[in-house]
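A closer look at the structure
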Amino acid sequence: MSKKPVLEAKNILKTYGRVVALDDASLQLFPGEVLAVVGDNGAGKSTLIKCLTGAEVPDAGSIEIDGQEVHFRRPQDGRHAGIETVYQTLAVSPALDIASNLFLGREIRKKGPLGSIFRMLDQAGMKKAAKEEIMALGIGTIQNISQAVETLSGGQRQAVAVARAATFGQKLIILDEPTAALGVRESAQVLKLIQTLRDRGIPVILISHNMPQVFEVADRIHVQRLGRRAAVVTPKTHTMNDVVGIMTGALKVEEKDQTLQPIR
Amino acid sequence: MSTEVAYDAATEFMNRDSFSTKVQNTLHRYPWLSSAIVLAIALVVFGRFNENFLTPNNFSLILQQVAIVGAVAAGQTIIILTAGIDLSCGAMTVFVAMVMATLTFKNGVPPVLSFIIGLLLGVASGAFNGFLVTKVKLPPFIVTLGTLNIFVALTLIYSKGRTVRNTEVDPFFVLLGKYIDIGEFRITTGVVAVIFLYLILAFSLRFTGWGRHVYAVGDDIEAARLAGISVNRVLMSVYSLAGLVFAFTAWVQIGRVTAASPNVGGDLNLDSITAVVIGGTSLFGGRGAIFGSFLGAILVGVFRNGLTLAGVDLYYQILAVGVLILFAVSVDQWIRKARS
C-alpha cells in the first residue's frame, strides 16, 4: 500500500501488574478501509483499542494520527482527535429521544443571548441535523426522530450509536463487537452501515468474533494473538480457517512472505 | 424472501396498538398525566361532598399548605431524576432556617447577610451529600440517612433546642408570608416564590444541556459516561442545587409559620418523596417532569383537605395517601414494563 496510514500504533506495551496485555503490539489503519481486529479472548484486542481511544494509556510505544504522534490520557482526548467508538453495550440513553442521544454530551446551544446567557439548546437545529444524518446513513426504518430510543429495536439502537459516531468521527470510527447483542437481520443492518461509512471514506476498525461477518465487510484482517499482531491478512487471500488457525496458534505466519506454515 | 414477508406481516400486527398500549404510550410520554386525572376526579368528588371545597378561599389555603412540601419536592425531584434520593432534605431545611433566624436574632447579623449565609450553607450541605455519593461512592439512601441525623443534631446543638419565636424573627424573614387578596383568593408571596422556583427548574431541565445530562445520568449512568458526560460533575451540581432549593425553602417556611423552630419539618423528606412519586417521576431515575411533583404535592393537599371537609377521620386520610403512593408506583411500573 502506497497510501499513508491514518492511524499507526507502533510497539505498544501495556501491562496490568504482572499481566502483560500488549507486548510490542502494532496496528496500521489506511484511509477508507475497514480493518477487522480479531483474536481469541485475552489476545489483547480490547486493550489495544482502549489504547487507541485514550481509555488506557500505554506503558510504551507510540500512536500516530496522520503521521503526528499523539498522547491520549482520557477518552475525551481521542474524541477530540476525531476518533469515535461504538460500544457493544449499546451506549445510548433509553428514555431520551434519538436526536438527544445523537448529540448527548455535545449539545448545541442557540445562537445569541438565549444560548450564551440562558444556555438554551438549539433543539430544532439538533433535530434537523440528526434527521439528516439518519437519512444519509439510510436508516429508513426510523420514522420519528423524537421517539425514545427504548422504543427502537436492538439494530436500530445500534444504528443510532453508529450515527452518533458518524456525525462526530472525523478521522476514524471504532466498532467494538457491534453485532454481539443483535439478531441476524439486525446484524445485517449494522454491517450495511459499516459499508456506508466506508463508502463515505471514513476508515473503520471493527472488532468482532464473528468470522462470516468479518469476511463480509473487512478489507484487511488484523489477527491479534498473545498481546501482539500475529498477522494481517485479507479475505481474498486467506480463508476463515486460516484466520482461526492464526488466532489459535495452529498456523504460523512467516513475517516476510505472509505464507502459512502449519505447526506440528 | 418469504421470511421477509412474514416478518413484515408480524411487525404490521405488532404495530396495531391496542387501547391499553396507547394509554401506556401516552403516560410514558407525559408521566404526570395520571396524577392530573386523579386530581380532576378528586376535585369533582370532594366538591360533591362539601360545598365549601370548590371555593377560591379553600384553594388558596391548599396552595399555602402545600407550598413548603412543594418547594422541597422540587429539589427532591432533580435528585430522584438522577436515580438518587434525599432523606436529609427536611432536616437540611430546618437546619438552614434555624441558622438564618438565629444569626440575625442572636448575633445581630444583617438579615440579608444571614439569608445569604443560609443559602451558602444549603449549597455546602448538598455538596457534602454529593461528595459522599460521587467520591466515596456510597448509595444516596445511606448517605442521606447519615446526613439526616447529622443535620438534626447540628440544628439542636446550634439552637440548643430553642425556637426563634414570631416576635423575635426579623421582618425580612417573613416577607414570604405576605399576601394579596384577589377577591376571595388569597395568594401569598411564598406561593408565588415556589411557583417561580418550579419555572426556573423546569426551564433548566427542559431547555439546557445540563437538564438533558441530569436525565441521561439517571437513565443509564454508564451510557452517559460513555457519551462523554462528566457524570460526577452532574451529580455534584444536582446535590448542590438541591441544597440551595432546600435552603430557599427555609425562607418560605419561616414566612409561613413566622417562626423558626428546630422541631418542625421532620416529615418533609417522606412527604416530598411522596409528592415526587405521585407526580409521576420514576424512583429508578431518568423519567419524570418537575411540574408533576408540584401536582403531586397539590394532590396530597387536596386529599387531606377534601377528606377533612367531608368529615373523614385523620387516620383514614393517612390511609388514602398510602393508597395514592402505591397507585402511582404501580402505574410507573406498568409504563416501564411496557417498554422493556
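How each quantity is defined
- Residues numbered from 1 in each chain as written.
- Chains lettered and ligands numbered in written order.
- Predicted model: local features only at pLDDT ≥ 70, side-chain atom pairs only at ≥ 80, totals over all residues.
- Contact = placed C-beta atoms within 7 Å.
- Nonpolar A, V, L, I, M, F, W, Y, C, P; charged D, E, K, R; others polar.
- Core = buried A, V, L, I, M, F, W, Y, C linked by C-beta atoms within 7 Å.
- Buried ≥ 20, exposed ≤ 12 C-beta atoms within 10 Å, placed from the backbone.
- Pairing = 2+ DSSP bridges.
- Helix = DSSP H or I, 4+ residues; strand = E, 2+ residues; numbered from the N terminus.
- Axes fitted to C-alpha atoms, helices over the stretch in contact; angles between N-to-C directions.
- Right-handed = clockwise from strand over helix to strand, strands pointing away.
- pLDDT = per-residue confidence, 0-100.

Okay, the interface of chain A and chain B next. Facing 20 residues of chain A, the contacting portion of chain B comprises 18 residues. The class makeup of the residues in the side of chain A that touches chain B is 9 nonpolar, 6 polar and 5 charged.

Ranked by size, the top nonpolar core spans 167 residues in total, and within it Leu172, Ile173, Ile194, Val204 and Leu206 of chain A together with Ala71 and Val96 of chain B carry the most contacts. Contacts of Ile194 of chain A, omitting those with residues within four sequence positions, involve Val34, Leu175, Val204, Leu206 and Val217 of chain A.

So, on to the sheet that holds strand E7 (residues 172-176) of chain A. Residue and element names in this part refer to chain A. In space, the 6 strands of this open sheet follow the order E6-E7-E8-E3-E9-E10, with mixed pairing throughout. Both outer strands of the open sheet, strand E6 (83-86) and strand E10 (228-233), are each paired with one neighbouring strand and no more. When the angles between neighbouring strand axes are averaged without regard to direction, this sheet yields 20°. Summarising the sheet, E7 and strand E8 (residues 204-207) pair through 4 bridges and their orientation is parallel. Looking at the pairing, Ile173 lines up with Val204 of E8. Sitting on the sheet, helix H6 (residues 154-168) is in contact with E6 and E7, with an inclination near 180° to E6. On top of the sheet, helix H7 (residues 184-199) reaches strand E3 (34-39), E7 and E8; it is set at about 155° to E8, its chief contact.

Residue and element names in this part refer to chain A. Here E7 lies mainly inside the structure; 5 of its 5 residues are buried. Residues Leu172, Ile174 and Asp176 line one face of E7 and the alternating positions Ile173 and Leu175 line the opposite face, and both faces are buried. Note that the unit made of E7, H7 and E8 has a crossover that is right-handed.

This brings us to the confidence of the model for chain B. Residues and elements named next belong to chain B. On average, residues of chain B carry a pLDDT of 90, and 94% of them reach 70 or more. Confidence scores differ between elements of chain B, with helix H1 (residues 2-15) showing the lowest mean pLDDT of 48 and helix H6 (residues 111-134) the highest of 97. What the predictor reports for the complex is a pTM of 0.87 with an ipTM of 0.81.

Residue and element names in this part refer to chain B. If you trace the backbone, Val72 turns up in helix H4 (residues 56-81). By the C-beta count within 10 Å, which is 34 here, Val72 ends up buried. Each C-alpha atom, one on Val72 and one on Arg233, is 22 Å from the other, the two residues being 161 residues apart in sequence. Discounting chain neighbours no more than four positions away, the residues touching Val72 are Cys89, Gly90, Thr93, Phe246, Thr249, Leu268 and Ser272.

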